[in-house]
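# Summary of structural features
One-letter residues, chain by chain:
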Amino acid sequence: FGKGALNEMASSAWFNVGVFVLFMIFGISFLGAFEITLPASWSNKIDSKSGLNSYSGIFFLALTLVIVSFSCTVPFIGALTVLIAKGSFWAPLVGFFAFSLALSLPFAVFTIFPSLLNNMAKSGDWLNTIKVSLGFIELALALKFFSSADLAYHWGILDREVYLSLWIVIFGLLGLYLLGKLKFHHDNELPKNDYGQPYLSVTRLFFAIASLSFTVYMIPGLWGAPLNGISAWLPEMKTQDFKLAAGNINSSNTATLPTGPQPKKYTDLLESEIPGVNSFFDYDEALAAAKALNKPLMIDFTGHSCANCRKMEREVLNNPEVMQRLQNDFVVVSLYVDDKFQLPENEWTTSKLDGKVLKRMGEKNLDFEVALTNNNAQPYYVFVDTNGKLLTTEGYGYNPSIPGFLAHLDKVKKLFTDKK
């Protein structure tokens, strides 16, 4: 479907808003508002063919299990298939393996040890607790997809502090639910102890502690704390309206003050995610600055919906030593490959790869990345000289190693110096 098909789908408003609605439906279903079920006639018809005298019978027995458990499993499977559609590999692979293992393992164990059936835990309140907890998590995940569209199209609806506020409320309510302080219509009372008093199991208490601790961890983010542990899931820092530490960068520990040519194009839409580093957002403007300053140009191919890009920015590019090297020794340009901003007609170009007219900023940047590097991954950092020629064909992809990135910067700087 072309070089940018997956990227286009993963960043499109229709896809992300559609998945947001889908996850909201799944989450609300898990919370008990309604149940997603298939017609009973389907399971009855399939069950009639599920004899164990043939491989086909075993197949229909398994298919019956899938159909009758549809209401519980479809939100989980739906989430994994969405990750596949977005180009993810390991997360859905691990997820589907865990899903299949969870379904098959009880049958294998009880076949080998049939006496264990007498001690098997019965479905009940504990299973409902898991289902409701997953409902809260589905609601939180839904916001990530809406945020991807919000960033790519510059709607400005789900800024970082709004996003964090919603997550704080969701996981705070999850903690209260696990403590038994919040109940839904299908919840029973907590179990009774030997004295007839409701009590909280230790397992449930520890999950409540985890949820409430996560809630407390996120609160400083409302004032601009980086929250590196979940930075991949959060909107870009530039959407934060209030940063308590804004402008409080120690130049002796980080970068020197920006000098020379300043970025102008698209600065009303975009903002550097690297504090203290003067990032450009247009390649031609950045290359002109690199020539004027006689410095190599680092091209940061990134994306609004790219989780790994956020992790690299927060964990590597925000490191003081990395920032100092970038500001002092390089010119930096961040090219968003999924941005939906429509360029002025005089900036439209025709792709040399497929002949398509490129009207949006993101598709123009993606086409440039593929033409320059034969790669369409993000994040991807490549370095060119003042004439736009690659200093090394070896780009730097997702690798959150500060020493590794610093070593790559030193290598590129030496190549540029030797070339001069």
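What comes next concerns the included structure. Starting afresh in each chain, residues are numbered from 1 along the sequence in its written order. It should be noted that, the model being predicted, local features are given only for residues of pLDDT at least 70 and side-chain atom pairs only at 80 or more, the latter also being counted only at that level, while totals for whole chains, interfaces and linings use all residues. Calculation of side-chain values draws on the structure's entire complement of heavy atoms; hydrogens and water are dropped beforehand.

## Some thoughts on the side chain of Asp 339
Its location among the elements puts Asp 339 in the loop between strand S3 (331–336) and strand S4 (349–350). Any residue under 20% of the maximum accessible area for its type is buried, any over 50% is exposed, and the rest in between are partly exposed; the area is computed with a 1.4 Å probe on protein chains only. Two residue types count as positive, namely Lys and Arg, and two as negative, namely Asp and Glu; His and chain ends fall outside the count. Here, a salt bridge means any Lys or Arg side-chain nitrogen found within 4 Å of an Asp or Glu carboxyl oxygen. Among buried charged residues, Asp 339 stands out as having no salt bridge; its nearest opposite-charge side chain is Lys 238, 6.8 Å away. Whenever a nitrogen or oxygen atom comes within 3.5 Å of another N or O atom, the pair is scored as a polar contact, on the condition that within protein one atom can donate a hydrogen and the other can accept it, and that pairs from neighbouring residues in sequence are kept only if both atoms are in side chains. Side-chain polar atoms of Asp 339 contact the backbone nitrogen of Phe 341, separated by 2.8 Å. Secondary structure is summarised from DSSP: a helix means a run of H or I of at least four residues, a strand means a run of E of at least two, and numbering begins at the N terminus for each.

## Let's talk about the sheet that holds strand S1 (residues 279–280)
Strand pairing is assigned whenever DSSP detects at least two bridges linking the two strands. Taken in spatial order, the four strands line up as S1-S3-S2-S6 in an open sheet, and their pairing is mixed. In this open sheet, the two edge strands, each paired with only one partner strand, are S1 and strand S6 (380–384). The strands touched by helix H10 (residues 283–293) within the sheet are S1, strand S2 (297–302), S3 and S6, with S3 carrying the most contacts at an inclination of about 175°. Contacts were defined at the residue level, with two residues in contact if any of their heavy atoms lie within 4.5 Å. Angles here are taken between N-to-C directions and fall from 0 to 180 degrees, while the axes themselves are lines fitted to C-alpha atoms, restricted in helices to the stretch in contact.

## Notes on the packing of helix H2 (residues 13–30) against helix H7 (residues 125–153)
It is at 8 Å that the axes of H2 and H7 come closest, and there the two elements cross at 165°. Taken together, H2 and H7 sit at an angle that is classed as roughly antiparallel. Here the hand of the crossing between H2 and H7 comes out left-handed. By definition in this entry, angles of less than 35 degrees are roughly parallel, angles greater than 145 are roughly antiparallel, angles of 65 to 115 are roughly perpendicular, and the rest are oblique. Handedness of a crossing is defined here by the sense of rotation of the near helix relative to the far one, left-handed for an anticlockwise turn of less than a right angle and right-handed for a clockwise turn.

## Some points on the nonpolar core
When a protein is soluble and globular, its nonpolar side chains tend to lie buried together. The term nonpolar core refers to a set of buried residues drawn from Ala, Val, Leu, Ile, Met, Phe, Trp, Tyr and Cys, joined through side-chain atoms within 4.5 Å. With 30 residues, the main nonpolar core has Phe 136, Leu 143, Trp 167 and Met 218 as its most contacted residues. Sorting the residues of this core by element identifies H2, H7, helix H8 (160–178) and helix H9 (202–218) as the ones contributing at least two each. Top contributing element to this core by residue count: H8, with nine residues. In this structure, Met 218 is in contact with Leu 164, Trp 167, Ile 168, Phe 171, Leu 227 and Ile 230, ignoring residues within four places of it in sequence.

## Regarding the state of the cysteines
Throughout, a disulfide means two cysteine sulfur atoms within 2.5 Å of one another. The final tally for this structure, using the stated rule, is one disulfide. Residue Cys 306 pairs covalently with Cys 309 via a disulfide, S to S 2.3 Å. Of note, the bridge from Cys 306 to Cys 309 carries an S-S torsion of about 85° and is right-handed in sense. Of the two residues, Cys 306 and Cys 309, neither departs from the other in class, the shared state being buried.

## Looking at unusual backbone geometry
Unlike most non-glycine residues, Asn 294 shows phi in positive territory, near 55°. For Asn 294, the position within the fold is in the loop between H10 and S2. Since its relative accessible area comes to 41%, Asn 294 is described here as partly exposed. Despite not being glycine, Asn 374 shows a phi value in the positive range, around 60°. Looking at where Asn 374 falls in the secondary structure, it is placed in the loop between helix H13 (361–373) and S6.

## Topic: the packing of H8 against H9
Contact geometry for H8 and H9: axes closest at 8 Å, N-to-C directions at 160°. Judged by the angle between their axes, H8 and H9 are roughly antiparallel. Considering how the two elements wind past one another, H8 and H9 form a crossing that is left-handed. Contact with H8, carried on its side by Leu 164, Trp 167, Ile 168, Phe 171, Gly 172, Leu 174, Gly 175, Leu 176, Tyr 177 and Leu 178, involves Arg 204, Phe 207, Ala 208, Ser 211, Leu 212, Phe 214, Thr 215 and Met 218 of H9 and no other residues of that element. Of the residues belonging to the contact of H8 with H9, the class tally is 13 nonpolar, four polar and one charged. Nonpolar residues are Ala, Val, Leu, Ile, Met, Phe, Trp, Tyr, Cys and Pro. Charged residues are Asp, Glu, Lys and Arg, and all others, Gly as well, are polar.

## Thoughts on the packing of aromatic side chains
Only Phe, Tyr and Trp rings take part, Trp by its six-membered ring, and two of them pair if their centres are within 6.5 Å. Stacked means planes under 30 degrees apart, edge-to-face means over 60, and tilted covers everything else. One pass over the structure, following the stated rule, counts 19 aromatic pairs. Look at Phe 20 and Phe 146: their rings are 5.1 Å apart centre to centre, the planes differ by 55°, and that puts the pair in the tilted class. Of the two residues, Phe 20 sits in helix H2 while Phe 146 sits in helix H7, which places them 126 residues apart along the sequence. Across the pair, Phe 146 and Phe 20 agree in class, each one buried. Centre to centre, the rings of Tyr 153 and Trp 155 are 5.5 Å apart; their planes meet at 25°, and the pair counts as stacked. Of the residues examined, Trp 155 reaches a relative accessible area of 38% and is grouped as partly exposed. Within the aromatic cluster, the residues linked to one another by ring pairs are Tyr 163, Trp 167, Phe 171, Phe 214 and Tyr 217. Here, a charge over a ring means that NZ of Lys or CZ of Arg falls within 6 Å of the ring centre while also lying within 35 degrees of the ring normal. Residue placement shows Arg 204 over the ring face of Tyr 177; its charged tip is 5.4 Å from the ring centre.

## Things to note about helix H11 (residues 307–317)
Because an α-helix completes one turn every 3.6 residues, residues spaced three or four positions apart along the sequence face the same direction. Within H11, eight of the 11 residues are buried, which leaves it mostly tucked inside the rest of the structure. Those residues of H11 lying buried are Cys 309, Arg 310, Lys 311, Met 312, Glu 313, Arg 314, Val 316 and Leu 317. Here the buried face of H11 lies against S2, helix H12 (320–329), S3, S6 and helix H14 (402–419).

## Some points on the pairing of S3
With respect to burial, S3 is a largely interior element, six of its six residues being buried. Alternating positions in S3 separate into two faces, Val 331, Val 333 and Leu 335 on one and Val 332, Ser 334 and Tyr 336 on the other, with burial throughout. Where S1 and S3 come together, two bridges link them in parallel fashion. Each residue of the ladder has a partner; that of Ser 279, found in S3, is Val 332.

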